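Residues per chain, in single letters:
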Amino acid sequence: MSFIKKNYVFLIIGILILVILLQRCGSGKTVIQPPRVKVDTVWIKHDSLIYSKPKIIKIIKGIPQIQYVPDTSYTKLVVQYKDLVDLYTAQNVFSDTLRIDSIGYVNVKDTITENVIKGRSYNYNLKYPVVTKTIILQPTSKTQLYVGGGLQGNQYNIVNQFSAGLLLKTKKDKIYGVCTTIDTYGRIQYGLQLYWKIKLNK
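Because the structure is predicted, anything quoted here is derived from the model rather than measured.

Asker: Quick question: what am I supposed to make of the overall build of the chain here?
Answerer: What the chain contains, in helices and strands, is two helices and eight strands. Counted from the first residue to the last, the chain has its helices and strands arranged as α-β-α-β-β-β-β-β-β-β. Across the 202 residues of the chain, 12% fall into the buried class. Sequence-distant contacts in the chain: of pairs separated by 6 or more residues, those separated by 24 or more amount to 46%. Accessible surface for the chain amounts to roughly 17,200 Å². Of this, 60% is attributable to carbon and sulfur atoms.

What follows is the structure, encoded as C-alpha cells:
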C-alpha cells in the first residue's frame, strides 16, 4: 500500500497515457450501417353514389327517316303523332359497368327522355393499396470508455485481491483494456487486454 501512496501520481499518468494510445489504435473509419427499409401496405376501400346532370354542349340536326315522314291521311297522321310523342316522352334508363383493372368498378346509369339526359349517377366501389415506406437509419458506432473494478478470492480467502481497470470499445467493435490488481499483502500487478467481437449466426 505504501508503494501506491508514493507513486499514485505516476500510476494515474501511466493509465492516462495507455488510454490515449488505445484511442489512437482504435481510431478509424466510422462504421456506417446500411439503412433498413420497412414497407407497410394498407388497403383503402371507397364506395359511393354520385348524382349529376350533364349539360348539352352541341346539337347535331338529324336526318328524317321514312317512318317519320308525315302520312297524307289525317287519321294515320294522328296515330303517327301519338307514337312519336310516346317515343319522345318515354324515359330510357341505360346502365353500364366499367371495370378498372383489379381495384374495382364504376357503374354509370343514365336516364334519357325528350332527347336529353335528364339524370346521371355514378356508383363506384374501389379498393386500392397504399404503400408506405419507412427508412430506418441504423445508429452510428461510437467510441466508448468504461471504468470498473472487481474482487477476487480463492478457497482460503473469500477476498484476497482488488482490481480496477479501464475498457475502451472502438468504432470497429474492438475492446482494449488496462487493469491493475493489488492483493492483501500490497503486491501490485498490471495487465493489458484485447477483445474481438465474435459474430454468431442467428
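Asker: Please explain the confidence of the model for the chain as it appears in this structure.
Answerer: In low-pLDDT segments, the atomic positions of the prediction should not be examined closely. On average, residues of the chain carry a pLDDT of 80, and 82% of them reach 70 or more. The least confident element of the chain, judged by mean pLDDT, is helix 1 (residues 2–26) at 57; the most confident is strand 3 (residues 104–113) at 92.

Asker: I keep staring at a nonpolar patch on the surface and nothing clicks. Help me out?
Answerer: On the surface, Val 37, Val 39, Val 131, Ile 135 and Leu 137 cluster together into a nonpolar patch covering about 490 Å² of accessible area. Elements supplying a minimum of two residues to the nonpolar patch: strand 1 (36–52) and strand 4 (116–136). With respect to the helices, strands and loops of the structure, Val 131 is situated in strand 4. With a relative accessible area of 49%, Val 131 lands in the partly exposed category.

Asker: So what exactly am I meant to see when it comes to the environment of Pro 35 here?
Answerer: With respect to the element layout, Pro 35 can be found in the loop between helix 1 and strand 1. For Pro 35, a relative accessible area of 47% translates into the label partly exposed. Remark: the alpha-carbon pair of Pro 35 and Thr 134, spanning 99 residues in sequence, is separated by 9.9 Å.

Rules and cut-offs
- All residue numbers refer to positions counted from 1 along the written sequence of the respective chain.
- For this predicted model, a pLDDT threshold of at least 70 governs which residues receive local features, and a threshold of 80 or more governs which side-chain atom pairs are given and counted, while totals over whole chains, interfaces and linings are taken from all residues.
- To obtain the side-chain values, all non-hydrogen atoms of the structure were used and water was disregarded.
- Runs of E in the DSSP output that reach at least two residues are strands. Runs of H or I that reach at least four are helices, and both are numbered from the N terminus.
- Only protein chains enter the accessibility calculation, which uses a 1.4 Å probe. A residue is then buried if its area is under 20% of the maximum for its type, exposed if over 50%, and partly exposed in between.
- Any two residues whose heavy atoms approach within 4.5 Å are treated as being in contact.
- Computed by Shrake-Rupley with a 1.4 Å probe, the accessible areas treat only the displayed protein chains as cover when residues are assessed.
- Confidence of the predictor at the level of single residues is captured by pLDDT, which takes values from 0 to 100.
- For patches, a residue must show more than 30% relative accessible area and have no salt bridge; joins then use 9 Å for like charges and 5 Å for nonpolar side chains, namely Val, Leu, Ile, Met, Phe, Trp and Tyr.
- A side-chain nitrogen of Lys or Arg and a carboxyl oxygen of Asp or Glu constitute a salt bridge if their distance falls within 4 Å.

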